[in-house]
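# Coordinates in review
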Number of protein chains: 2
Amino acid sequence: MINVADNNTIFIGKKPTENYVFSTIMLFTNGASEVSIKARGMAIKRAVDVAEIVKSRMESMMKTPIKYGDIKISTEKVQREDGESNVSSIEIVLKK
Amino acid sequence: MINVADNNTIFIGKKPTENYVFSTIMLFTNGASEVSIKARGMAIKRAVDVAEIVKSRMESMMKTPIKYGDIKISTEKVQREDGESNVSSIEIVLKK
């Protein structure tokens, strides 16, 4: 299963892109007006892919236009065995 | 050398992150008030890293606050040997 927080947020991890696309579209079809896609490090590219595929698929298959809301970039501190390190993160908001 | 277009745009490729950080900071120190960082596919993560490192370094070392301008996500068509394929892209605007 995909990790979905209460507030319509999808956390992108190492699963196939298609899994996250499916989960995001499910949130929209279940009534969400806004979905936030979050990722950090290597998952950032996948988050961008998910957003673009969801947008295209919602428009072509469900005739539902999707717009981008805020896109935010930041740096998070992550604990590793050898201490703390910085990792870039992205949050992409999609709106119905 | 890094590929820098006339209009203060940095295209992120496969070089080390630090090269693009340097080029971006050079544009700002040479008078640019705005720099656009563009990347597609696998380079998207590097673009986000470059933006965050430039922001942090301009603030800590040059006491120059940097803000995010528009962050845009889109899909580009790329020609490959076996036909056309879609690739996600990002454009991140940094403002002095």
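For the structure, see preceding data.
Along every chain, residues carry numbers that run from 1 in the direction the sequence is written. Chain letters start at A and ligand numbers start at 1, both assigned in the order the entries are written. Reporting in this predicted model follows two pLDDT cut-offs: at least 70 for local features of residues, and 80 or more for side-chain atom pairs to be given and counted; totals over whole chains, interfaces and linings ignore these cut-offs and use all residues. As a rule here, side-chain values come from all non-hydrogen atoms in the structure, and water together with hydrogens is ignored.

### Thoughts on the overall build of chain A
- A tally of helices and strands in chain A yields two helices and five strands.
- Taken from the N to the C terminus, the helices and strands of chain A come in the order β-β-α-β-α-β-β.
- The globule rule puts the C-alpha radius of gyration for 96 residues at 12 Å, and the 14 Å found for chain A is close to it.
- Seen through its principal axes, chain A has C-alpha atoms that stretch 50 × 25 × 25 Å.
- Here chain A holds 96 residues, and 42% of them are scored as buried.
- The contact definition used throughout considers only heavy atoms, calling two residues in contact when any of these lie within 4.5 Å. Taking the contacts inside chain A whose residues are at least 6 apart along the sequence as the reference set, 61% of them involve residues at least 24 apart.
- Carbon and sulfur atoms make up 49% of the accessible area of chain A, which totals about 5500 Å².
- Positive charge is attributed to Lys and Arg, negative charge to Asp and Glu, and no charge count is given to His or to the chain ends. The location of each charge is read from NZ of Lys, CZ of Arg, CG of Asp or CD of Glu. Here chain A contributes 15 positively and 12 negatively charged side chains, and the mean placements of these two sets differ by 4 Å. Strands here mean DSSP runs of E at least two residues long; helices mean DSSP runs of H or I at least four residues long; both are numbered from the N terminus. Restricting the calculation to C-alpha atoms gives the radius of gyration, and the globule rule supplies 2.2 Å times the number of residues raised to the power 0.38. Only protein chains enter the accessibility calculation, which uses a 1.4 Å probe; a residue whose area is less than 20% of its type maximum is buried, one above 50% is exposed, and one in between is partly exposed. Where accessible areas are quoted, they stem from the Shrake-Rupley method and a 1.4 Å probe; at the residue level, only the protein chains shown are allowed to cover.

### So, unusual backbone geometry
- In this structure, Lys63 of chain A takes a positive phi of about 50° despite not being glycine.
- Tracing the chain through its elements places Lys63 of chain A in the loop between helix 2 (44-62) and strand 4 (67-80).

### Remarks on the environment of Ser56 of chain A
Residue and element names in this part refer to chain A.
- Mapping Ser56 onto the fold places it in helix 2.
- The partly exposed category is assigned to Ser56, whose relative accessible area is 42%.
- Put simply, Ser56 and Lys96 are 40 residues apart on the chain and 12 Å apart in space, counted from C-alpha to C-alpha.

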